[in-house]
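Observations on chain architecture
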Amino acid sequence: MRHPPYPKCVLARVPKKKQDEVRKALHRIFYAACLDDARDEAKQFLSRYSREFPTACETLARHLEECLTFYRFPERHWKHIRTSNVIERSFKEVKRRTRVVGRFPNETSALVMVFSILNEERLKWQKIRMKADDIAWIEEASKALEQEPIRLEFLEEALVV
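Residues numbered from 1 in each chain as written. Predicted model: local features only at pLDDT ≥ 70, side-chain atom pairs only at ≥ 80, totals over all residues. Heavy atoms only, no water.

With respect to the overall build of the chain
- When helices and strands are counted, the chain shows nine helices and zero strands.
- For the chain, the α and β elements follow one another from N to C terminus as α-α-α-α-α-α-α-α-α.
- Counting the 161 residues in the chain, one finds 36% classified as buried.
- Contacts spanning at least 24 positions in sequence make up 74% of the contacts within the chain whose residues lie at least 6 apart.
- Carbon and sulfur atoms make up 54% of the accessible area of the chain, which amounts to about 10,900 Å² in all. (Helix = DSSP H or I, 4+ residues; strand = E, 2+ residues; numbered from the N terminus. Buried < 20%, exposed > 50% of the residue type's maximum accessible area, 1.4 Å probe, protein only. Contact = heavy atoms within 4.5 Å. Areas by Shrake-Rupley, 256 points an atom, 1.4 Å probe, with all protein chains shown as cover.)

Structural notes on the packing of helix H3 (residues 35–49) against helix H4 (residues 54–67)
- Taken N-terminus to C-terminus, the directions of H3 and H4 make an angle of 155°; their axes are 9 Å apart at the nearest point. The angle between H3 and H4 places the two elements in the roughly antiparallel class. Along this stretch, H3 crosses H4, giving a crossing that reads as left-handed. Where H3 approaches H4, its residues Ala42, Phe45, Leu46 and Tyr49 are matched on the opposing element by Pro54, Cys57, Leu60 and Leu64.
- Split into classes, the residues belonging to the contact of H3 with H4 amount to eight nonpolar, no polar and no charged. (Axes fitted to C-alpha atoms, helices over the stretch in contact; angles between N-to-C directions. Parallel < 35°, antiparallel > 145°, perpendicular 65-115°, else oblique. Left-handed = near helix turned anticlockwise from the far one by under 90°. Nonpolar A, V, L, I, M, F, W, Y, C, P; charged D, E, K, R; others polar.)

Comments concerning the side chain of Glu65
- Looking at where Glu65 falls in the secondary structure, it is placed in helix H4.
- Classification of Glu65 by relative accessible area gives buried; the value is 17%.
- Residues in contact with Glu65, not counting those within four places in the same chain, are Ile150, Arg151, Leu152 and Leu155.

Re helix H2 (residues 19–30)
- Spanning twelve residues, H2 covers 16 Å between terminal C-alpha atoms, matching the ideal 16 Å at 1.5 Å per step.
- Listed in full, the buried residues belonging to H2 are Gln19, Val22, Ala25, Leu26, Ile29 and Phe30. Buried residues of H2, viewed axially, fall in a sector of 135°; they line one side. Turned more than 90 degrees off the buried face of H2, the exposed positions are Asp20 and Lys24. (Expected span 1.5 Å × (residues − 1). Arc of directions from axis to C-beta.)

A few points about the packing of aromatic side chains
- Across all of its chains, the model carries five aromatic pairs by this definition.
- For the pair Phe70 and Trp78, a centre-to-centre distance of 5.9 Å together with 80° between the ring planes defines the contact as edge-to-face. Like Trp78, Phe70 is buried.
- Cluster of aromatic residues (ring-pair linked, three or more members): Phe45, Tyr49 and Phe53. (Phe/Tyr/Trp six-rings, centres within 6.5 Å; stacked < 30°, edge-to-face > 60°.)

Some remarks on the nonpolar core
- By size, the foremost hydrophobic cluster in this structure holds 34 residues, and its most contacted members are Ile29, Phe45, Leu60, Leu64 and Leu68.
- Contributing elements (two or more residues each) for this core: helix H1 (6–11), H2, H3, H4, helix H5 (75–81) and helix H8 (132–147). (Core = buried A, V, L, I, M, F, W, Y, C linked by side-chain atoms within 4.5 Å.)

All quantities given are derived from atomic positions and should not be read as evidence of function.
Given below as structure tokens:
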């Protein structure tokens with residue numbers, strides 16, 4: 001799933017002097033109170049900026065449905081799954097710790113270190129306490145997404161422009 005920092009891809013297509021304004025509008029999409037509010041914000045974003053920044057709007061529209069899938073999961077998990085920070089942080093930690101070693105004696109020793117670092121990061125991720133209800137809800141949301149993906153009909157117009 002791609003999430004913010006996905007907006008960085010959109011912002012890269014906007015002049016620097018307008019990026020703060022566009023960033024705030026993107027924030028309203030990804031931090032909306034619910035999926036319906038996010039849809040409304042996205043629609044407003046596209047109608048507001050499609051003429052001024054057509055490539056930015058096309059970039060947003062292309063993957064927005066997938067980016068909003070986190071709204072199907074329990075709200076208390078949104079903070080952790082709306083962004084890719086957990087993954088990025090894990091890879092950054094692997095890079096930082098393997099640089100210290102420099103050269104590994106063999107491939108196995110490198111893999112052992114990478115695995116142990118990722119395992120430590122996994123344990124940090126598990127700070128979210130999963131209850132039986134949460135697991136059932138997540139399974140249900142996953143099945144619902146397979147059967148009925150999030151569709152934003154107004155995006156078809158944005159991709160044609």
